[in-house]
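Report on the structure
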Amino acid sequence: MKNRLLKTALIACSLLLCGCMKIRMRLDVDGDGKVNSTQTILISHEMLGMGGNDIDAALEEMRQNTAESNPGAEVTIVKEEGTSEEPSFSGVAIAEKDTHRFNVTADRNTVTVRIPRNSINEEVSEEIGAPSSEDFDTEKLKEIGFEAVMIVNMPAAAKTNAGVAEGKTVTIDLVELSDDIDEIVITSATGKINPLLIGCGIAAAVCILFLFLRKKKDQPENIA
């Protein structure tokens, strides 16, 4: 992210140790292994308005700079109203269709998503203003309430070695990710119907219809 204003805010967040930022990554994976991704970066209004900055102007500048540094992506402004207990957050959503940033493979039966831990650390470190993944201090992030979540929607019921799988959806808290996991691996069936099964089903239906018509033809007609 090359927005100077945003970088300043992010570094300030790190230095002040306040939970002022949320990062959400969503991957929508289809049966062919194609991926549509959306990354949402949210910053508290307190930080966006620091120094008397106009929040809407800061958001528009963030959107423009993010769009420039992510050519081909659709960048939109996102706002989340707060409550009496939670502050308001706003930021940008970066949507990419058929992205090749992730290692996704698909064969006839299975789709597999592989995400190295280092690639996650690098991306999150960039967003929080840390110089490198070595400065990605998960314990410190937990203490300040920083949020980083990845949601992966698979084409069928999913299995994963990290996070929680509920039906087709896997949710991973990246801050709580176990140190024992070097690579996130998520698998599912392709969700496609085998053409051979379709052919067999059609053939079976034709046979049943043929036998039914033949049986009906062989029945003697009622004589009045």
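Procedures and definitions
Residues numbered from 1 in each chain as written. Predicted model: local features only at pLDDT ≥ 70, side-chain atom pairs only at ≥ 80, totals over all residues. Heavy atoms only, no water. Phe/Tyr/Trp six-rings, centres within 6.5 Å; stacked < 30°, edge-to-face > 60°. Lys NZ or Arg CZ within 6 Å of the ring centre and 35° of its normal. Pairing = 2+ DSSP bridges. Helix = DSSP H or I, 4+ residues; strand = E, 2+ residues; numbered from the N terminus. Axes fitted to C-alpha atoms, helices over the stretch in contact; angles between N-to-C directions. Expected span 1.5 Å × (residues − 1). Buried < 20%, exposed > 50% of the residue type's maximum accessible area, 1.4 Å probe, protein only. Arc of directions from axis to C-beta. Contact = heavy atoms within 4.5 Å.

**Considering the packing of aromatic side chains**
With the rule as written, the count across this model stands at 0 aromatic pairs. The ring of Phe89 carries Lys22 above its face, with NZ or CZ at 4.4 Å from the centroid.

**So, the sheet that holds strand S6 (residues 110–116)**
Reading across from one edge, S5-S6-S11-S8 is the order of the 4 strands in this open sheet, with antiparallel pairing throughout. Only two strands of the sheet have a single partner each, and these edge strands are strand S5 (103–106) and strand S8 (158–160). The sheet shows a mean angle of 15° between the axes of neighbouring strands, taken without regard to direction. In terms of strand pairing, S8 meets strand S11 (residues 183–189) through 3 bridges, oriented antiparallel. Bridging across to S11, Ala158 finds its partner in Ser188.

**Some words on helix H3 (residues 55–69)**
Between its first and last C-alpha atoms H3 spans 21 Å; for 15 residues at 1.5 Å apiece the expected length is 21 Å, and the two agree. Those residues of H3 that fall on the buried side of the exposure criterion are Ala58, Leu59, Met62 and Thr66. Along the long axis of H3, the arc covered by the buried residues comes to 100°, so they all point the same way.

**Observations regarding the pairing of S6**
By the bridge criterion, 4 bridges tie S5 to S6 in an arrangement that is antiparallel. Counted as the bridge partner of Thr105 is Thr112 from S6. Hairpin remark: S5 followed by S6, antiparallel, with 3 residues in the connecting loop. Looking at chain direction, S6 and S11 are connected through 7 bridges and run antiparallel.

**Looking at the side chain of Lys22**
One can find Lys22 in strand S1 (residues 21–29). Other than its neighbours up to four places away in sequence, Lys22 contacts Thr40, Ile41, Leu42, Glu80, Phe89 and Glu147.

**Thoughts on unusual backbone geometry**
A positive phi angle is found at Asp98, which is not glycine, with a value near 50°. Relative to the assigned elements, Asp98 resides in the loop between strand S4 (89–96) and S5. Judged by relative accessible area, which is 34%, Asp98 ranks as partly exposed.

**Regarding the side chain of Ser44**
Along the chain, Ser44 turns up in strand S2 (residues 35–44). When neighbours within four sequence positions are excluded, Ser44 is seen to be in contact with Cys20, Ser88 and Phe89.

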